[in-house]
Amino acid sequence: MSRRSLKTGVAAGALLAAVATAGAAAADMSGRSPTPVPSPTGTPSGTTTCPGMGQMRPIAGEYAYLSEMVPHHEEAVTAARQLERSDRPEMRRLGRTIVETQSAEVERMKGWLARWYPSSPTPTPTTTMMRDLEGLSGEELDKAFLQDMIPHHMMAIMMSQQLLMRGQAEHSEVVEFARSVRDGQHGEAMQMRQWLVQWYGSGSMPCMPGMHGMPGMPGGPSPTSPEPSPTGS
């Protein structure tokens, strides 16, 4: 694992913790507390639920990663297209970057699925993390997008980190892809977090989806652990 990837993995975990802490603070300020998610034994695990957002399930191999990441990316592209109406040039640039980057990644993932898993089901959305932005504009649009896309990016980061940490990628192409998603979306999430706090205050930080047992989270492996090598090429 390269020093850059190691540093990014640590930073991703730190960002997630910071966002979760800010989200909890915002909930306290509003008088509402996060809803505990029952653990498999029926005892609250300490994770939280967010309206309209599902809890991340452990990734069960390369096919599961790709088939879940395709609709996850497609949802991000749909939302990012709405930023063409933003009054802020930096938000319009961010939207175009997400559309261009993630549209290309969707095509790459679909190609891998067709080549390596031709008899498997077509990827379909399992959860929705982004609200409908079509009726929003101005400050309302920018704030809603940032509040939804930060945890959306963090979900992709943690999915990618989990795949890498557990050595579940069967092809070297997917290893490099997961690293690219993790590192690229980490940088965007840091920028979005900065804008959200700068423009709307720390109380605007979003709720984070439950990721108990994921790398870098309580009960999960450390994001600094070495990445196993892929099992195939």
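Every value quoted in this text rests on a predicted model; they were computed, and no experiment measured them.

1. A look at the overall build of the protein chain
A tally of regular secondary structure across the protein chain gives 5 helices and 2 strands. Ordering the α and β elements of the protein chain from the N terminus gives α-β-β-α-α-α-α. Expressed as a percentage of its 233 residues, the buried residues of the protein chain come to 47%. Residue pairs at least 24 apart in sequence account for 78% of intrachain contacts in the protein chain once pairs closer than 6 positions are excluded. As presented, the protein chain carries roughly 11,000 Å² of accessible surface, and 53% of it is formed by carbon and sulfur atoms.

2. Observations concerning the packing of helix H2 (residues 62-81) against helix H3 (residues 89-116)
Interaxial distance between H2 and H3 falls to 9 Å at its minimum, and their mutual angle equals 150°. As the angle between them shows, H2 and H3 are arranged roughly antiparallel. Between H2 and H3 lies a crossing of left-handed hand. Of the residues in H3, those touching H2 at Glu62, Tyr63, Leu66, Ser67, Met69, Val70, His73, Glu74, Ala76, Val77, Ala80 and Arg81 are Gly95, Ile98, Val99, Gln102, Ser103, Glu105, Val106, Met109, Lys110, Trp112, Leu113 and Trp116. For the contact of H2 with H3, the per-class residue count stands at 14 nonpolar, 5 polar and 5 charged.

3. Points about the confidence of the model for the protein chain
When pLDDT is averaged along the protein chain, the result is 76; 64% of the residues meet or exceed 70. Mean pLDDT values for the elements of the protein chain range from 32 in strand E1 (residues 35-38) up to 98 in H3. Between residues 1-49, whose pLDDT stays under 50, and residues either more than four places distant or in other chains, the model counts 71 contacts.

4. Some thoughts on the pattern of salt bridges
This structure, assessed with the given rule, holds 7 salt bridges. With a closest N to O distance of 3.1 Å, Lys110 and Glu74 form a salt bridge. One end of the pair, Lys110, is in helix H3; the other, Glu74, is in helix H2, and 36 residues separate them in sequence. For Glu74, a relative accessible area of 31% corresponds to the partly exposed category. A salt bridge links Glu176 to Arg179; the shortest N-O distance between them is 2.8 Å. Of this pair, Glu176 and Arg179 both sit in helix H5 (residues 172-200), 3 residues apart, which is roughly one turn of the helix. Several salt bridges converge on common partners, so that one network encompasses Arg88, Glu139 and Asp142.

5. Description of the packing of helix H4 (residues 138-165) against H5
The description of two helices packed together rests on the angle between their axes and the distance between the axes. Across the interface, H4 lies against H5 with an axial gap of 8 Å and an inter-helix angle of 150°. Taken as axis vectors, H4 and H5 run roughly antiparallel relative to one another. Here the hand of the crossing between H4 and H5 comes out left-handed.

6. Here we look at the packing of aromatic side chains
A full pass over the atoms with the stated rule returns 6 aromatic pairs. Centre to centre, the rings of Trp195 and Trp199 are 5.4 Å apart; their planes meet at 10°, and the pair counts as stacked. Taken together, the positions of Trp195 and Trp199, both in helix H5 and 4 residues apart, correspond to about one turn of that helix. Between Trp199 and Tyr200 the ring centres are 6.4 Å apart and the planes differ by 85°, which places this aromatic pair in the edge-to-face class. Taken together, Tyr65, Trp112, Trp116 and Phe177 form an aromatic cluster joined through their ring pairs. Geometry around Trp199 places Arg88 over its ring, the cationic atom sitting 3.8 Å from the centre.

Cut-offs and rules
Residues numbered from 1 in each chain as written. Predicted model: local features only at pLDDT ≥ 70, side-chain atom pairs only at ≥ 80, totals over all residues. Heavy atoms only, no water. Helix = DSSP H or I, 4+ residues; strand = E, 2+ residues; numbered from the N terminus. Buried < 20%, exposed > 50% of the residue type's maximum accessible area, 1.4 Å probe, protein only. Contact = heavy atoms within 4.5 Å. Areas by Shrake-Rupley, 256 points an atom, 1.4 Å probe, with all protein chains shown as cover. Axes fitted to C-alpha atoms, helices over the stretch in contact; angles between N-to-C directions. Parallel < 35°, antiparallel > 145°, perpendicular 65-115°, else oblique. Left-handed = near helix turned anticlockwise from the far one by under 90°. Nonpolar A, V, L, I, M, F, W, Y, C, P; charged D, E, K, R; others polar. pLDDT = per-residue confidence, 0-100. Salt bridge = Lys/Arg side-chain N within 4 Å of Asp/Glu carboxyl O. Phe/Tyr/Trp six-rings, centres within 6.5 Å; stacked < 30°, edge-to-face > 60°. Lys NZ or Arg CZ within 6 Å of the ring centre and 35° of its normal.

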